[in-house]
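Structural overview
One letter stands for each residue in the lines below.
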Amino acid sequence: MTDPSNPQNISKQAPRSFKYILMLGALAALPALTTDMYLPSLPAVEADLQTTQTAVQLTLSGTLVGAGIGQLVIGPFSDRFGRRLPLVIGISLHVVFSLLCSLTPNIETLTGLRVVQGFFNAAAAVVALAVIRDRFVGSAAAQLLSRLMLVIGVAPLLAPTVGQAIAGLWDWRAVFYALAVIGVVLVAIVWRFMPETLPEDRRSPGHPSHVARAYWSLLWDKHFMALAVIPGLGLALIMSYVVGSPFVFQNEYGLTAQQFALVFALNGAALVLSAQLNAALVRKFRPVRLLRAALLVQLGLALLLLVVVATGAGGPFGLMAGLWLVLSAQGMIPANASVLALHNYGHMAGTAAAVIGALQSGVAGLVSPLVGFLGGNALSMVSVMIGSCALAVIVLAAGTPAYRKGGWPEHAERDDDQRVSADSADD
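Report follows, based on the coordinates. This structure is a prediction, so every number in the text was calculated from the model and none was measured. (Residues numbered from 1 in each chain as written. Predicted model: local features only at pLDDT ≥ 70, side-chain atom pairs only at ≥ 80, totals over all residues. Heavy atoms only, no water.)

A word on the packing of aromatic side chains
- A complete count under the given rule lists seven aromatic pairs for this structure.
- Ring centres of Phe97 and Phe120 lie 5.8 Å apart, and the angle between their planes is 20°; on these two criteria the pair is classed as stacked. Placement of Phe97 in helix 5 (residues 84–101) and of Phe120 in helix 6 (residues 107–135) is noted, with a sequence separation of 23 residues between them.
- A relative accessible area of 17% means that Phe97 is categorised as buried.
- Exposure remark for Phe120: the relative accessible area of 19% places this residue in the buried category.
- With a centroid separation of 5.6 Å and an interplanar angle of 55°, the aromatic rings of Trp216 and Trp220 are classed as tilted. Taken individually, Trp216 and Trp220 each receive the classification exposed, so the pair is uniform in this respect.
- These aromatic residues form a ring-pair network of at least three members: Tyr38, Trp172 and Phe176.
- Sitting above the plane of the Trp191 ring, Arg84 keeps its charged end 5.9 Å from the centroid.
- A cation sits over an aromatic face here: Arg114 above Tyr38, 4.5 Å from the ring centre. (Phe/Tyr/Trp six-rings, centres within 6.5 Å; stacked < 30°, edge-to-face > 60°. Helix = DSSP H or I, 4+ residues; strand = E, 2+ residues; numbered from the N terminus. Buried < 20%, exposed > 50% of the residue type's maximum accessible area, 1.4 Å probe, protein only. Lys NZ or Arg CZ within 6 Å of the ring centre and 35° of its normal.)

Focus: the pattern of salt bridges
- Inspection of every chain in the model, using the stated rule, returns one salt bridge.
- One salt bridge connects Asp48 with Arg173, and the closest N-O pair in it is separated by 3.7 Å. With Asp48 in helix 3 (residues 42–48) and Arg173 in the loop between helix 8 (154–169) and helix 9 (174–193), this residue pair connects regions lying 125 residues apart in the sequence.
- On the basis of relative accessibility, which here comes to 42%, the residue Asp48 falls in the partly exposed class. (Salt bridge = Lys/Arg side-chain N within 4 Å of Asp/Glu carboxyl O.)

Considerations on the environment of Ala124
- Counting through the fold element by element, Ala124 comes out in helix 6.
- In this structure, the C-alpha to C-alpha distance between Ala124 and Gly25, residues 99 residues apart in sequence, is 9.6 Å.
- In this structure Ala124 touches Leu27, Ala28, Leu30, Leu87 and Ile91, once residues within four positions along its chain are discounted. (Contact = heavy atoms within 4.5 Å.)

Considering the side chain of Ser102
- Turning to its location among the elements, Ser102 is positioned in the loop between helix 5 and helix 6.
- With a relative accessible area of 3%, Ser102 lands in the buried category.
- Only 2.5 Å separates the side chain of Ser102 from the backbone oxygen of Leu99, close enough to count as a polar contact.
- In this structure Ser102 touches Arg173, Phe176 and Tyr177, once residues within four positions along its chain are discounted. (Polar contact = N/O pair within 3.5 Å; in protein donor to acceptor, adjacent residues only side chain to side chain.)

What follows is the structure, given as structure tokens:
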């Protein structure tokens, strides 16, 4: 009988389990649902609370900033007490603050509540990534993360349409009731089906000094930090599109809320399809090769999109096609970068995943408001996306040997079985 705490045993079985992938994907998708179901309601929130477009966009950015801080707290907590407890606490409090968001009287209160909501639902994202590192490494982990994108991708495919339907039947506040119900369902799933993947003998002491040393070692690891920040720059690109697109398509190009939801779903499909392509390619090509190629391709496509927007070529259809291509490259970036970053940190996967998640949310939360500050139009949206692409390429080139001929360490790309064995010995 296999021991579920042994990564060698689990790594051969879990990737084939659809229920396992579905469960982790549903958890990892909670932050995306929290953002995307709310998107079509942004203009309604602006009118109802008598505020500005920039202020409404900050309610999205605030959620990301809260999630970044939350992951830094919850990650070490999960290394100390296991993975299940942080999930139950975090998602339960997500339910509470979703209900409070529905009662908000003004934009300032809503922004504050969204920060706290992001803080607590960060538990779902950071623990899902830590669970994967508990059980998998290398290409197997990259393949699983790519498969998760199929589940996570349902959020941008369906969430705006569902959010628009809910807001259309009632109002934008009802969207937060729906998020609370989703949280209740996820708590029930975790309580009933989520196995504990971190045995007590592998848990960290949890003392503040130990946590501080762990974070310090990660922050001083140039290689880790370069790889860890790339998913954040990728999310910054996505969120620049997310916060800008409702106003660009509906106000600048005249699309209805229903038409915008369809466009958003099509672009979500680009992320899903490219992630599945990555899951297939990672069996034949090393994650670092896929990562460095995808970043360069994405930057080239983003520059082409800038030309389309600046010249007005193709009107809304030109913009849609360009965005679809840029976003299609994104599905091949975060999984590979995260796997490479986590490779040497199986003994503190929760803490390392927290740094990746915090950078992901924090960078995106700080960068995406630039769209509104620069004018909130298509040109400003695409310009911020290009900046995120270019910076990701620079970080990978400067912080790792990925673009240097023969520079990537051979030991970082061993076969999966060798990686699992080495990781088990270290842990």
